[in-house]
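Fold and geometry: a report
Next come the chains, spelled out residue by residue.
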Amino acid sequence: MIQTWRLDGPQQTLVLSSNDARCPQVIYWGPPLPPSEDLNELAAVGTLDVTGGMLDQNPDLSLSPEAAGSFLGQPGMSLRDAQGTPLLPEFSLCDVDQKDHALIVTCEDKTNHLTYIAQIALHPETGVITLTAKVKSDRLIHMHWLAAPVLPAPQTADEMIDFSGRWCGEFQPNHTPWSAGIRMRESRVGRTDHAHFPGLIIPCRGATNTSGNAYAFHYGWSGGHRMVAEELPDGRRQIQFGNATETEHAPANVFVTAPLYVTYSATGLNGCAVAFQRHLRDNVVPWAKPDTPRPVHYNCWEAIYFDHDIPELKDIATRAAALGAERFVLDDGWFGKRDDDTTSLGDWQVDLRKYPDGLGPLIDHVHAQGMTFGIWFEPEMINLDSDLYRARPGWVLGPVDQIPGRQQMVLNMALPEVCAYLYDCISTVLRAHPVDYIKWDHNRVLPMPDAAQTHGTYALLDRLRADFPQVEIESCASGGGRIDFGILTRTQRVWLSDSNDALERLSMQHNAALFLPAAVTGSHVGPRHCHTSGRTLDIEFRAWVAAQRHMGFEMDPRELDDHEATVLRDVTDWWKTNRDWMYSADILRLDASDPAVIAEEQLAADGSRFVVFAGKTRNSSQIAPRPLRLTRLDPQARYEIWLRNRGSAKGLSRGALALKERSITMSGQALMHHGVTLPWSFPDSIWVLEGHRI
Ligand code: DGJ
């Protein structure tokens, strides 16, 4: 007997079927099916043939493929009983509860005393589907691996794109051809990490940013994930995501995966990106002050490092406010005896050598400049040279002789007394002062992956958020080491990278936009001479690249000459004028025909206006710029477009281009099909093209 279920939204339909009351499998995921579709016929037509050398029937690629059911690939779970004997479940379907756009599938294995529950919810307003899996037992079991509900991958794709990276080089895409066997990614470092962003995109043959079919996945967990993209000998493909293996160290009766976020797009990679951007911004992030515009940040790290001096900080704050900053963030160095990075993590008491009257006088000054005040913590860490370690050596996670990272160790967040201590330290500062922002850092990997760490950190964040709902939190981990929808369920901003090099940021932001909206993506105008790359970049390029996302400054404002200060004020004013519509705009990656150009279009939710940022990363191979084609405009509408920074055209741009003189009007069709030819420009520069529908 065949049973079927379907979930529908404007972007996609997902169909599941169960044969003879076995665990259901996804038999269709793609563009919306007509309501009249006969799902039994769909199941029938998808049945694979059998030939020589095959089993007499093909095992299901179910929501949790079963090792004991002759499945020829990776199983959806790997469990043992308390004595260590493997449990090899074979599930029977008990119940499917369907409400609106959600399914709860319950299966049982009576022999092994196991219940499997898959929750699948389609969010029609964003185009994202969320999936979680739970396994329950009436006795204690060990969990080695539990995949979120497993999905088939298209056989029309030639490659897959996942992401790696490094400190100051986050969000590097890897293009891997599909072939028989497994592409496996696993973060075993106990955090999401720069090297292991938990995302996957499967572009079908011919897909680009702006057209074609694509599927995308993101696993919302901060403790390190495992991804399996496998092609079976029969050609079927499966995608599994879950927590990194063997990270639940204790036996339990219940294990749950984090949410897997997925989406299908018929409009290229941008269709996936827009679904994730909207879903994260509108359904995941718990905005502390939803009606307040994103404030322009000033962060003092690259200006002063550990060298805190109140008169200097006040001077910097005054200048930052005059440039347009609205939130002043006091970075590392205000506590303990933290004169460098060898000491004091864990001693979250104000350093009275640097702040003899506490933080109050600096905060008062910041407020007097019209800015709010934010402060840095790195709660999960401890230095051996700290009062905390001297008092509580047993709070360190892992062996004492482990290799330190940045001279520091990790606190054992599974210990309730550790979380209670951290709550007291942080809440004392929040109660004593009007702080509206925490930058929450995490500067080393764990000595071993351990899910209890992540559960402990999540619980601490949840407790602080419940007691201080007005305080916004940024997830930073040496830059982009902890960026995922799990941490963003509890925080409002990510520090994408410790690189404030605008050239590097341009490509990182471009790739991160496949998952992240502008509202959560911190981007700062760095020093003239970049501290992490050694590059020297002009203020215009630095300012506009920061203005692509949640804008801030991080240079010492005392280094700015008059021209630089003028440009920075101008771009900041532009950002403030436009931030309301840009908050809910979609970031659309453009298919630039020139590989030297990285370009995106931010399109207002109502389609009435847009801004295009076209960055030039190097000299082009051809001598003149190629036209840049826009996307998602109304082909019949007319748009007035103008180059916001046309005054920046260099002398070597000698042609008589209308855009260098005035605005022009074109149809959406012409802008999308032919495109706009921008003036010639130097590498490390950016054109900002604005447009509105008339
Ligand atoms: C790493 C962060 O990414 C930096 O922005 C800064 O906060 C330092 N840590 C402080 O130690």
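Note: the structure precedes this text.
Rules used throughout
- Residues numbered from 1 in each chain as written.
- Predicted model: local features only at pLDDT ≥ 70, side-chain atom pairs only at ≥ 80, totals over all residues.
- Heavy atoms only, no water.
- Helix = DSSP H or I, 4+ residues; strand = E, 2+ residues; numbered from the N terminus.
- Rg over C-alpha atoms; globule rule 2.2 N^0.38 Å.
- Buried < 20%, exposed > 50% of the residue type's maximum accessible area, 1.4 Å probe, protein only.
- Contact = heavy atoms within 4.5 Å.
- Areas by Shrake-Rupley, 256 points an atom, 1.4 Å probe, with all protein chains shown as cover.
- Near = heavy atom within 4 Å.
- Polar contact = N/O pair within 3.5 Å; in protein donor to acceptor, adjacent residues only side chain to side chain.
- Nonpolar A, V, L, I, M, F, W, Y, C, P; charged D, E, K, R; others polar.
- Pairing = 2+ DSSP bridges.
- Right-handed = clockwise from strand over helix to strand, strands pointing away.
- Axes fitted to C-alpha atoms, helices over the stretch in contact; angles between N-to-C directions.
- Parallel < 35°, antiparallel > 145°, perpendicular 65-115°, else oblique.
- Left-handed = near helix turned anticlockwise from the far one by under 90°.

**Details of the overall build of the chain**
- Secondary structure assignment for the chain yields 12 helices and 35 strands.
- In terms of overall size, the chain behaves like a compact globule, its C-alpha atoms giving a radius of gyration of 26 Å where 694 residues would be expected to give roughly 26 Å.
- By its C-alpha atoms, the chain is 80 × 70 × 40 Å across when sized along the principal axes.
- Taking all 694 residues of the chain together, the buried fraction comes to 60%.
- Sequence separation of 24 or more characterises 69% of the internal contacts of the chain that already satisfy a separation of 6 or more.
- Split by element, the accessible area of the chain, about 25700 Å² in all, is 51% carbon and sulfur.

**A few points about the site of the ligand**
- If you check the shell around the ligand, you find 13 residues, and the closest are Asp 331, Asp 332, Lys 439, Asp 441 and Asp 498.
- Here a nitrogen atom of the ligand sits 2.7 Å away from a polar atom, N or O, in the side chain of Asp 441.
- Note that an oxygen atom of the ligand is positioned 2.3 Å from one of the side-chain N or O atoms of Asp 498.
- Contact with the protein chains removes 98% of the 290 Å² of surface that the ligand exposes when unbound.
- Per-class residue counts for the shell around the ligand are four nonpolar, three polar and six charged.

**What about the pairing of strand β29 (residues 550-553)?**
- What you see with β29 is no split at all: His 550 and Gly 552 on one side and Met 551 and Phe 553 on the other are buried throughout.
- Taken together, the two bridges between strand β20 (residues 297-299) and β29 define a ladder with parallel strand orientation. Bridged to Tyr 298 within β29 is Phe 553.
- Of the pairings in the sheet, the one linking strand β28 (residues 521-525) to β29 comprises four bridges and is parallel in character. Bridge pairing links Ser 523 to Met 551 in β29.
- One crossover worth recording links β28 to the parallel β29 by way of helix α10 (residues 539-546), and it is right-handed.

**Observations regarding the packing of α10 against helix α11 (residues 562-583)**
- It is at 9 Å that the axes of α10 and α11 come closest, and there the two elements cross at 20°. Regarding the angle of α10 to α11, the classification is roughly parallel. Classified by chirality, the crossing of α11 by α10 is right-handed. From α10, Ile 539, Glu 540, Arg 542, Ala 543 and Trp 544 reach across to α11, where they touch His 563, Glu 564, Val 567, Leu 568, Val 571 and Trp 574.
- Across the contact of α10 with α11, the residue classes tally to seven nonpolar, one polar and three charged.

**What about the sheet that holds strand β10 (residues 151-152)?**
- A sheet is described by the order of its strands in space; here four strands give the open sequence β10-β17-β16-β13, paired in antiparallel fashion. Looking along the sheet, the strands with just one partner apiece sit at the ends: β10 and β13 (181-186).
- With six bridges connecting them, β13 and strand β16 (residues 225-231) associate as antiparallel partners. Directly across from Glu 186, in β16, lies its bridge partner Arg 226.

As far as function goes, none of this settles anything; it's purely spatial.
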